[in-house]
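Observations on chain architecture
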Amino acid sequence: MAINQSTAPAVTGVRGPEHEPVTLDVNGSTYPVELEPRVSLLDALREHLDLTGTKKGCDQGTCGACTVWVDGRRVLSCLTLAMSCEGHQVSTIEGIASDGELHPMQQAFIDHDAFQCGYCTPGQIMSAIALIREGNAGTDADIAEHMSGNICRCQAYPNIHAAIREVRDADDDGGR
Amino acid sequence: MTMRPITFLRAGSIDDAVAAVSGNPDSAFLAGGTTEIDLLRLGVIQPTLLVDVNELPLTYLEDVDDGGVRIGAMARMSDVARAPRIVERYPGMAQALLLGASEQLRNMASMGGNMCQRTRCAYFRDGRSPCNKREPGSGCSALNGVNRGHAILGTSEQCIATHPSDVAVALVALDAVVRTIGPDGARTIPVESFFLRPGDTPSVEHPLEHGELIVAIDVPDLPVARTSRYVKHRDRASYEFALVSVFSAMRVDDAGNVAEVRLALGGVGTVPWRAHRAEEALIGRPATPENFAAAADAELADADTRPMNAFKVTFAKRAIVRELSEVIS
C-alpha cells in the first residue's frame, strides 16, 4: 500500500461527507486512502492502513493508548481527524525500530518488565520517547507529571518509570 | 461511538475561514479538537461542516508596544507555557497552562480553542439528561444531581456548570483581551466579559457571533505578574480538573500594606472567576493573615452551595489565604 513519494495534493474546497481521497504520511511512507472526514487518525491508522499497533482505549482523549506523533510532537490520535493530518508527518509505534533493531525505549520496556497486559504500551512508549526529547524527564516528579496522560490499568508505573530513567541516563539518543 | 457524517474544509486564510463558517449556520471552526472532536463523537454538538483553522499563521507569540505579549490563537498550550516571555513575565499563567490536561492534549489544544472549551458537567456531556446549556429549556440535572464538582459562584437556577479552564483564570486576573475577526470585521473583547455567566441563557457562553474567529489574545504588561503563581487543588496529583484553583499576584509596600493585587479562582465559578471583592478588601490594608481571611470571606459571601459542593467554600477560602501568604514572599 505504501509508496515512497510524498506530495500531498493541494487542498481546496469542502470535502465529504462521503469518502474522499486523502494522502497520509506515516512513518516515512505515503499512503493514498479514501476516508470520510469524520474518520479519526486513530481509525485511519488501524482500519485503513492496517497499522494496529496504535491502540484504541477510551476514544475520548482520556487514556493515552492512542498516542502518536504528528510532526514529532506527541498527540492523541483519537481526537485528531485524519484529514487534518494531510501534509504532516505521522509517526507510530511501528516506525520507531530501525533495521530490525528495537528502539532503546522498546528494549528498556522489555528489560524492566514495564507492562503486563500490554494494551497501553505503544502509547506509553510513544509518550516516553517524546518525554525525553522534550526535556521533561529530568526528575522522577517530572516523569510522573509528564507521563500522566498515559494510563496503565495494570499499574506498571514503577517499571515504566524505571525504563524511562534508563533510556534517559544512557544518553545515546533515546529521544530520536 | 461513531460520529455523525461531517464535511471538512481546510481554511487557507482567516477570511476564508470566517466566510465559510459565517455562511453556514451548521458549521464550526476546528482548532486543536481536544474538546470538539470528543463532543462531536458524543453527539453533544452537531455541526455538519468543520472548518479547520489549524494551518492559519496564528501560532506566534510577539511583544506588543505597551510591553505586553500577543499570543496567536493557534499557539499551542505547551508552546505558550514554555515561551520565555510568558515564563518570565507571567509565571502564574505558565503554571496554569502546565497544570491543565496532559502533555499530549497541551500539544494539540490551542489558546483560542481553550477560550471556547466546554464544561465537563456530566449531564451536559451525556447528551441525554435535561441540560439547559445543551438544550435550552430542558432543565438542569445538576441542581439536584451529582454536583460535587459544580460551581458555587456565578450560578443561576438554570445552570451550575463549572468553567473548566486553568489558563483562563490567569487571563481574567491579567485583564487580557481577546482579538477576533468576524463577518463584520475585527474587534477586541476584554477577557472577563468574554465569559458569560449562565443567567437565563446557559447555552450562550461567550459574545462571539457565528463565524467570528478568535485570532489572538493580548496580555498586557503587568510588573506585579512577574511574581504571580497558580495553584491547583484536585482529586488527583495530575491530569484532572480543579476543585479549587487560585491565581495570585501581589505587591506590598514598605509600610506592609497591599499596594497591588490580582486574584482569580478556578473550579468554583461558572466562569473563570476574578475575585474583585477580595481584591477590593485587600487594597491599602495590611498584608496580614487576618485580612487575607477577611478578603476570602468577602469573595465567598454569596456562594450558592448544594450539599455535595458546599465544601468548596471553606476549601476556596483556605486556598486563597494560603496563596496570598505564599505569593507575598
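This paragraph deals with the overall build of chain B. Across its full length, chain B carries 13 helices and 12 strands. By its C-alpha atoms, chain B is 60 × 50 × 35 Å across when sized along the principal axes. Sequence separation of 24 or more characterises 64% of the internal contacts of chain B that already satisfy a separation of 6 or more.

Attention now moves to the environment of A:Val22. Residues and elements named next belong to chain A. Along the polypeptide, Val 22 turns up in strand β1 (residues 20–26). For Val 22, a count of 25 C-beta atoms within 10 Å gives the class buried. Along the primary structure Val 22 and Ser 84 are separated by 62 residues, whereas in three dimensions their C-alpha atoms are 9.7 Å apart.

Right, let's talk about the sheet that holds strand β6 (residues 177–182) of chain B for a bit. Residues and elements named next belong to chain B. The antiparallel open sheet is built from five strands, whose spatial order is β4-β5-β8-β6-β7. In this open sheet, the two strands that pair with only one neighbour each are β4 (61–63) and β7 (185–190). The mean angle between the axes of side-by-side strands here comes to 25 degrees, regardless of whether they run parallel or antiparallel. Two strands pair when backbone bridges link them, and β6 and strand β8 (residues 213–219) are joined in this way by five bridges, in the antiparallel orientation. Bridge pairing in β8 places Ile 181 opposite Leu 213. Helix α1 (residues 14–22) rests against β6 and β8 of the sheet, and its axis sits at about 125 degrees to β8.

Annotation of chain B at the domain level lists domain 1 (7–55) and domain 2 (226–327). One C-alpha centre belongs to domain 1 of chain B, the other to domain 2 of chain B; they are set 36 Å apart.

Chain B puts 23 residues into the contact, and the matching count from chain A is 26 residues. Listing elements by their share of the side of chain B that touches chain A, those giving two or more residues are β1 (7–10), α2 (36–42), β3 (49–52) and α6 (103–108) of chain B. Among the elements that take part in the side of chain B that touches chain A, α6(B) stands out by supplying five residues, more than any other. Tallied by class, residues from the side of chain B that touches chain A come to 10 nonpolar, eight polar and five charged.

All names here are of chain B. Within helix α5 (residues 91–98), seven of the eight residues are buried, which leaves it mostly tucked inside the rest of the structure. For α5, the complete set of buried residues consists of Gly 92, Met 93, Ala 94, Gln 95, Ala 96, Leu 97 and Leu 98. Close packing links the buried residues of α5 with α3 (77–82), α4 (84–89), α6, α9 (167–173), β9 (229–233) and β10 (244–252).

All names here are of chain A. Geometrically, the link from Gly 16 to Pro 17 is a cis peptide bond, its omega value of 5 degrees lying close to zero. Phi is positive for Asp 71, close to 50 degrees, though the residue is something other than glycine. Mapped onto the secondary structure, Asp 71 falls in the loop between β3 (67–70) and β4 (73–76). At Asp 113, a residue that is not glycine, the phi angle is positive and equals roughly 55 degrees. Along the chain, the position of Asp 113 falls in the loop between α2 (104–111) and α3 (121–134). With 13 C-beta atoms packed within 10 Å, Asp 113 lands in the partly exposed category.

Our focus in this paragraph is the nonpolar core. Within the largest apolar cluster, 162 residues are counted, with the highest numbers of intra-cluster contacts made by A:Ala82, B:Ala17, B:Val51, B:Val53, B:Ala170 and B:Ile320. Excluding residues that lie within four positions of it along the chain, B:Val53 makes contacts with B:Ala11, B:Ala17, B:Phe29, B:Leu30, B:Ala31, B:Met74 and B:Leu213.

In this section: the sheet that holds strand β2 (residues 29–35) of chain A. Residue and element names in this part refer to chain A. The five strands lie next to each other as β2-β1-β5-β3-β4, forming an open sheet whose pairing is mixed. Each edge of the open sheet is held by one strand with a lone partner, namely β2 and β4. Direction aside, the axes of adjacent strands within the sheet are offset by 40 degrees on average. Where β3 meets strand β5 (residues 89–91), two bridges bridge the pair, whose relative direction is antiparallel.

All names here are of chain B. Along α1, the residues that are buried comprise Ala 17, Val 18, Ala 20 and Val 21. Summarising the axial view, the buried residues of α1 lie within an arc of 165 degrees, below the 170-degree limit, and thus occupy one face. Where α1 is buried, its residues contact β1, β2 (27–30), β3, β6 and β8.

Definitions and cut-offs
Chains are numbered independently. Their residues run from 1 in the order of the written sequence. Chain A is the first chain written and ligand 1 is the first ligand written, with later ones labelled in order. Since the coordinates come from a predicted model, pLDDT governs what is reported: local features require at least 70, and pairs of side-chain atoms require 80 or more to be given and counted, while whole-chain, interface and lining totals use all residues. Helix and strand definitions here come from DSSP, where helices need a minimum of 4 consecutive H or I residues and strands a minimum of 2 consecutive E residues; each element is numbered from the N-terminal end. In this description, a residue-residue contact is defined by the distance between C-beta atoms placed from the backbone, which must lie within 7 Å. Our exposure labels follow a C-beta count within 10 Å of each residue's own C-beta, placed from the backbone: buried means 20 or more other C-beta atoms, exposed means 12 or fewer, and partly exposed covers the counts in between. Pairing between strands is defined by DSSP: at least two bridges between them are needed. Fitting a line to C-alpha atoms yields each axis, with helices limited to the stretch in contact; the angle taken between N-to-C directions then spans 0 to 180 degrees. Residue ranges for the domains originate in an automatic or database domain assignment. When residues are sorted by character, Ala, Val, Leu, Ile, Met, Phe, Trp, Tyr, Cys and Pro go into the nonpolar class, Asp, Glu, Lys and Arg into the charged class, and all the rest, Gly among them, into the polar class. Think of a nonpolar core as buried Ala, Val, Leu, Ile, Met, Phe, Trp, Tyr and Cys residues chained together by C-beta atoms that fall within 7 Å. Regarding the arc, it is the one traced by the directions from the helix axis to the C-beta atoms.

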